[in-house]
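Letter by letter, the chains look like this.
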Amino acid sequence: MSAASVERPHGDRPLIAEANRLMDRNPGYRVEIIGGQILVSPPPDGPHAVALTDLMVPFLSAGLHGTDTRVVQGIGLWLPTGTEDYAILDLSLVDADFRDHLVENNCYDPVCFRLVLEVTSSNWKTDLRHKVKAYAGAKIPVYVIVDRKHQRLHVLTDPAGDDYENHRPYSPGEVATLPAAIGAEVTLDVDAILKAGCSEAS
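Residues numbered from 1 in each chain as written. Predicted model: local features only at pLDDT ≥ 70, side-chain atom pairs only at ≥ 80, totals over all residues. Heavy atoms only, no water.

Attention now goes to helix H3 (residues 124-137). Taking 1.5 Å of rise per residue, the 14 residues of H3 would be expected to cover 20 Å, and the 19 Å separating its terminal C-alpha atoms lies within 8% of that figure. Taken as a whole, H3 carries its principal kink of about 45° at Lys 131. The complete set of buried residues in H3 reads Trp 124, Thr 126, Asp 127, Lys 131, Val 132, Ala 134, Tyr 135 and Ala 136. Two residues or fewer after H3 comes Lys 139, characterised by a positive phi angle close to 60°. (Helix = DSSP H or I, 4+ residues; strand = E, 2+ residues; numbered from the N terminus. Expected span 1.5 Å × (residues − 1). Bend = angle between axes of the 7 residues up to and from the residue. Buried < 20%, exposed > 50% of the residue type's maximum accessible area, 1.4 Å probe, protein only.)

Put into structure tokens, the structure is as follows:
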């Protein structure tokens, strides 16, 4: 999939300038702008990182990190929700030519994203509420949320306006099958993912 990048007006970017200052002063923190508000999240804990690594395996095994698509962590998504809005994603599946879709501030046009995935941390409400609206508004086809707070995995598909038409929560013991439209069949073992992300030693 290939299309021209979103056109953005140039000039003053006070929120982005402040967000970049915050990143410089707080190494390891994630700074995003969603709905015209700067959001600062502390560095994720170890189980968050383990869950994220485990989540990559099914995508890699399905051959999605190759010539057509790439599986990437920590990439920036430019959002249409505000003139300076962007999010830093835990995990994404993007078209292989995503580098051609750089908008600004190391963020890429939504057109090259097939799937985004977030693993919740202390700011879980952002992933479950604000980012649902933002990613639907950006027309991201699939949004997966590993909700460590409530021990659920959510698969949202078919963006419409500022929401998704289909929202399927999965519980431990279930297997989530992602839409084939991402480029291959990928299934996620909900119990294994939630256990990997558990902050308490088992």
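And the narrative resumes.
Phi at Asn 105 takes a positive value of approximately 55°, unusual for a residue other than glycine. If you trace the backbone, Asn 105 turns up in the loop between strand E7 (102-104) and strand E8 (107-108). Overall, the relative accessible area of 26% leaves Asn 105 in the partly exposed class. The phi angle at Asp 158 is positive, at roughly 60°, despite the residue not being glycine. Relative to the helices and strands, Asp 158 resides in strand E11 (residues 152-160). Judged by relative accessible area, Asp 158 falls into the partly exposed class, the value being 38%.

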